[in-house]
Amino acid sequence: MTVFLLLYLCADAARIDCRVVKADSWSGPHAYEQCTDVVPGLTKALTAPNRKRHRFVCEIHVDEAKPAEHKALPTFTHQSFRM
């Protein structure tokens with residue numbers, strides 16, 4: 001198991017418009033605990049206004065072996081723009 005520490009950088013306190021940044025990662029049976037141990041200190045290091053807008057999240061990714069013939073499909077991002 002691999003755990004990623006993600007930082008959600010958000011434009012406002014509603015957290016509607018956010019950018020996700022991978023901050024760190026851990027692997028192994030205690031990876032999630034290691035990640036969650038770090039989050040309170042990082043959150044406390046943010047200024048009070050930034051604590052309302054940004055947040056740290058530990059996300060679990062299960063390590064799976066993929067067959068050699070597996071090919072990653074392209075990802076499409078849907079965006080709509082209003083004028």
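Scoring rules and cut-offs
- All residue numbers refer to position in the chain's written sequence, counted from 1.
- Selection of residues for local features in this predicted model requires a pLDDT of at least 70, selection of side-chain atom pairs for listing and counting requires 80 or more, and totals for whole chains, interfaces and linings are taken over all residues.
- Note that water and hydrogens are dropped before the side-chain values are worked out from all heavy atoms of the structure.
- Aromatic contacts are taken between Phe, Tyr and Trp rings whose centres are within 6.5 Å, Trp giving its six-membered ring; a plane angle under 30 degrees counts as stacked, one over 60 as edge-to-face, and the others as tilted.
- The rule is short: NZ of Lys or CZ of Arg within 6 Å of the ring centre and within 35 degrees of the ring normal puts a charge over the ring.
- A pair of cysteine sulfur atoms is labelled a disulfide when the two atoms are within 2.5 Å.
- Think of it in three bands: with a 1.4 Å probe and only protein chains considered, a residue is buried below 20% of the maximum accessible area for its type, exposed above 50%, and partly exposed in between.
- Under the DSSP-based scheme used, a helix requires at least four consecutive residues in state H or I and a strand at least two consecutive residues in state E, with every element numbered from the N terminus.

A.B. asks: Is there a simple way to think about the packing of aromatic side chains in this case?
C.D. replies: Under the counting rule described, the total for this entry stands at 0 aromatic pairs. One residue, Arg 55, lies across the ring of Tyr 8, its end atom 5.0 Å from the ring centre.

A.B. asks: How do you make sense of the state of the cysteines when you look at a structure like this?
C.D. replies: Two cysteines, two sulfur atoms, one covalent bond between them: this is a disulfide. Applying the stated rule across the entire model yields 2 disulfides. Across the disulfide from Cys 10 sits Cys 18; the S-S distance is 2.0 Å. Taking the torsion about the S-S bond as the criterion, the Cys 10 to Cys 18 disulfide, at about 105°, is right-handed. Taking relative accessible area as the criterion, Cys 10 reaches 5% and is therefore assigned buried. Between the sulfur of Cys 35 and that of Cys 58 lies a disulfide, 2.0 Å long from S to S. Its S-S torsion of approximately -95° makes the covalent link between Cys 35 and Cys 58 left-handed. Placement of the pair is Cys 35 in helix 1 (residues 31-45) and Cys 58 in strand 3 (residues 55-61), with a sequence separation of 23 residues.

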